[in-house]
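In case you want the letters, here they are:
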Amino acid sequence: AHAARYHFSPTGEYALFSEFKQHGGQGVEVVTGSHSAQEARRYADMAREFNLAASRGSDFHSPGESHTDLGALPELPGTLTPVWDVLQNRIQRPQ
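Predicted, not measured: the structure shown is a model, and the values here were computed from it. (Residues numbered from 1 in each chain as written. Predicted model: local features only at pLDDT ≥ 70, side-chain atom pairs only at ≥ 80, totals over all residues. Heavy atoms only, no water.)

Trainee: Just give me the short version of the pattern of salt bridges, but keep the residues and values in it.
Mentor: On inspection of all chains with the given rule, the structure shows two salt bridges. Linking Arg-42 and Glu-13 is a salt bridge whose minimum nitrogen-to-oxygen distance equals 2.9 Å. Separated by 29 residues along the polypeptide, Arg-42 in helix H2 (residues 37-49) and Glu-13 in helix H1 (residues 10-22) bring together distant segments of the chain. Judged by relative accessible area, which is 32%, Arg-42 ranks as partly exposed. Note that Arg-48 is salt-bridged to Asp-45, the shortest N-O span being 2.9 Å. Residue Arg-48 and its partner Asp-45 are both found in helix H2; the two are separated by three residues, about one turn of the helix. For Arg-48, a relative accessible area of 40% gives the class partly exposed. What makes Asp-45 partly exposed here is its relative accessible area of 47%. (Salt bridge = Lys/Arg side-chain N within 4 Å of Asp/Glu carboxyl O. Helix = DSSP H or I, 4+ residues; strand = E, 2+ residues; numbered from the N terminus. Buried < 20%, exposed > 50% of the residue type's maximum accessible area, 1.4 Å probe, protein only.)

In short, shape yes, function no, at least from these values alone.
So, in structure tokens, the structure goes:
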């Protein structure tokens, strides 16, 4: 998670996603409390290119520690498949 924190070169980041996909990776966090709008667009593009599901998360820990207020993140771009859709069949609901 949070690939933007590692400051890969474009070539290194592409290699990371290629290896991730080859080894069974299925999703990427596109929108986070620490991603800029430009980074979110870049990871949305990578999700599309590598056919990865997308997630969003504020990474909220506490009001004094987090970059984004709880519930204040933008939505995922509509063209992406959310990870929660992919995992729907694994969710067990009480009967």
